[in-house]
Amino acid sequence: CVCVCVSPLPVFTYTDAAAVSGDRCGEIQHHDVRIPEHLTASFKAHSQEVCGLKWSPSGNMLASGGNDNTLLLWPGYNSGGVGFGGGPLHTITEHTAAVKALAWCPFQSHCLASGGGTSDRHIRIWNAQNGRQVSCVDTKSQVCGLLWNETYGELISGHGYAKNQLTIWRYPQLEQVAELTGHTERILYMSLSPDATTVVSGAADETIRLWKCWDVDEAAMKKKLAGAQRSTGSSVKAKAKPSIQARGLR
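This one's a predicted model, so the numbers in the text were calculated from it and none came from an experiment.

### Topic: the sheet that holds strand E13 (residues 143-149)
Then, in step 1: With respect to topology, four strands assemble into an open sheet ordered E13-E14-E15-E16, the strand pairing being antiparallel. Strands with a single pairing partner mark the edges of an open sheet, and in this sheet they are E13 and strand E16 (175-180). Strand-to-strand twist of the sheet, defined as the mean angle between neighbouring strand axes without regard to direction, takes the value 20 degrees.
Then, in step 2: In the sheet, strand E15 (residues 166-170) pairs with E16 via five bridges, with the strands oriented antiparallel. Bridge pairing in E16 places Ile 168 opposite Ala 178.

Pasting the structure below:
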């Protein structure tokens, strides 16, 4: 067992053997969890608290967001060495509030979505290769979390003040598809179901809500089931269900 944290940490992310944590002093720590002396690098990244960290799916890049309103893109462990000490690849300052919400696109390797806090309220899409903004939208609410649906090519955002809503966006236009309300305080966490139809959200109102946002994609599901049947020899049927429903759990 390796302990990778000796004090409260706002954010933590990991991939394979590389774990990264951020603290309230603006420092980022890199850990190799395969070895007892796991802390391999520690450096000052932001001038205020690190509130967002996310590895790219390939591990080639790390995104960090801070209370200093900056978004930093760092070379990852699969890019010829972690290289954090050499500084970020890109420093992005377009946000005007804390950058907590970060999500790498699973079907476009260099596409990153970020969301700003109460005085910013924007979702911004970035080309991580050159650090340029591709598109943005004013959500009218604090952006607390972002989640991609690879099956449908859409983005879902979780919010705080003023509406505490979830919003589904069509990518790449960032056109609003649906707005889901029910939480009475800001959303703290979101996760997508394995069949890519349902989002679970947890909020500061002490409720967990299940949102039926999409119907089952029959073509994609049949492909997945075919692979599962080949490996297990079992037979499973997929059923489509109505979309955009919510149930609250307290």
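The discussion continues.
### Comments concerning the side chain of His 122
Then, in step 1: By the secondary structure assignment, His 122 is in strand E11 (residues 122-127).
Then, in step 2: Reaching out from His 122, the side chain makes a polar contact with the backbone oxygen of Asp 120 at a distance of 2.7 Å.
Then, in step 3: Other than its neighbours up to four places away in sequence, His 122 contacts His 95, Ser 114, Gly 115, Gly 116, Cys 136, Val 137, Asp 138 and Val 143.

### Observations concerning the pattern of salt bridges
Then, in step 1: All told, the structure shown has six salt bridges when counted by the stated rule.
Then, in step 2: For the salt bridge of Asp 32 with Arg 34, the shortest nitrogen-to-oxygen distance reads 2.9 Å.
Then, in step 3: With relative accessibility at 65%, the residue Arg 34 sits in the exposed group.
Then, in step 4: Note that Arg 170 is salt-bridged to Glu 175, the shortest N-O span being 3.5 Å.
Then, in step 5: Given the relative accessible area of 35%, Arg 170 is considered partly exposed.
Then, in step 6: On the basis of relative accessible area, Glu 175 is assigned to the partly exposed category, the value being 41%.
Then, in step 7: In this structure, a network of salt bridges that share partners links the residues Arg 121, Asp 138 and Lys 140.

### Concerning the environment of Gly 115
Then, in step 1: Within the secondary structure, Gly 115 is located in strand E10 (residues 111-116).
Then, in step 2: For the pair Gly 115 and Asp 138, spaced 23 residues apart in the sequence, the C-alpha separation amounts to 9.8 Å.
Then, in step 3: Residues in contact with Gly 115, not counting those within four places in the same chain, are His 95, Ala 98, Val 99, Lys 100, Ala 101, His 122, Ile 123, Val 143 and Leu 146.

### Some thoughts on the sheet that holds strand E12 (residues 132-138)
Then, in step 1: Strand order across the open sheet formed by four strands is E9-E10-E11-E12, with antiparallel pairing between neighbours. The sheet is open, and its two edges are formed by strand E9 (99-104) and E12, each paired on a single side. Pairs of neighbouring strands in the sheet enclose a mean axial angle of 20 degrees, with direction left out of account.
Then, in step 2: As defined by bridge partners, E9 adjoins E10 across five bridges and the pair is classed as antiparallel. Bridging across to E10, Trp 104 finds its partner in Leu 112.

### Observations regarding the pairing of strand E4 (residues 39-44)
Then, in step 1: Judged from the five bridges that link them, strand E3 (residues 27-32) and E4 form a sheet pairing that is antiparallel. Considered in E4, the bridge of Glu 27 is made with Lys 44.

### Comments concerning the packing of aromatic side chains
Then, in step 1: Counted under the stated rule, the structure contains five aromatic pairs.
Then, in step 2: Here Phe 107 and Trp 148 contribute two aromatic rings whose centre-to-centre distance is 5.7 Å and whose plane-to-plane angle is 90 degrees, an arrangement assigned as edge-to-face. Here Phe 107 is found in the loop between E9 and E10, whereas its partner Trp 148 is found in strand E13, with 41 residues between them in sequence.
Then, in step 3: Residue class for Trp 148 comes out buried when judged on its relative accessible area of 8%.
Then, in step 4: Arranged with centres 6.1 Å apart and planes meeting at 25 degrees, the rings of Tyr 152 and Trp 214 form a pair that is stacked. One end of the pair, Tyr 152, is in the loop between E13 and strand E14 (154-159); the other, Trp 214, is in the loop between strand E19 (208-212) and helix H1 (218-232), with 62 residues separating them in the sequence.

Rules used in this analysis
Throughout, a residue's number is its position along its own chain's written sequence, starting from 1. Per-residue local features of the predicted model are confined to residues with pLDDT of at least 70, and side-chain atom pairs are confined, for both listing and counting, to 80 or more; whole-chain, interface and lining totals are unaffected and use all residues. Calculation of side-chain values draws on the structure's entire complement of heavy atoms; hydrogens and water are dropped beforehand. Following DSSP output, two strands are said to pair if at least two bridges run between them. By the criteria applied, helices consist of DSSP H or I runs no shorter than four residues and strands consist of E runs no shorter than two, each listed in order from the N terminus. Convention adopted: a line fitted to C-alpha atoms gives each axis, helices being fitted over their contacting stretch, and angles between N-to-C directions are expressed from 0 to 180 degrees. Polar contact criterion, stated in full: a pair of N or O atoms within 3.5 Å, where within protein one must be able to donate a hydrogen and the other to accept it, and residues adjacent in sequence count only if both atoms are side-chain atoms. By definition, residues are in contact when any of their heavy atoms lie within 4.5 Å. Salt bridge, as used here, is a side-chain nitrogen of Lys or Arg placed within 4 Å of a carboxyl oxygen of Asp or Glu. Accessibility here uses a 1.4 Å probe with only protein chains present; expressed as a share of the type maximum, an area under 20% marks a residue as buried, one over 50% as exposed, and anything in between as partly exposed. Centre distance within 6.5 Å is the pairing criterion for rings of Phe, Tyr and Trp, where only the six-membered ring of Trp is used; planes under 30 degrees apart are then read as stacked, over 60 as edge-to-face, and the remainder as tilted.

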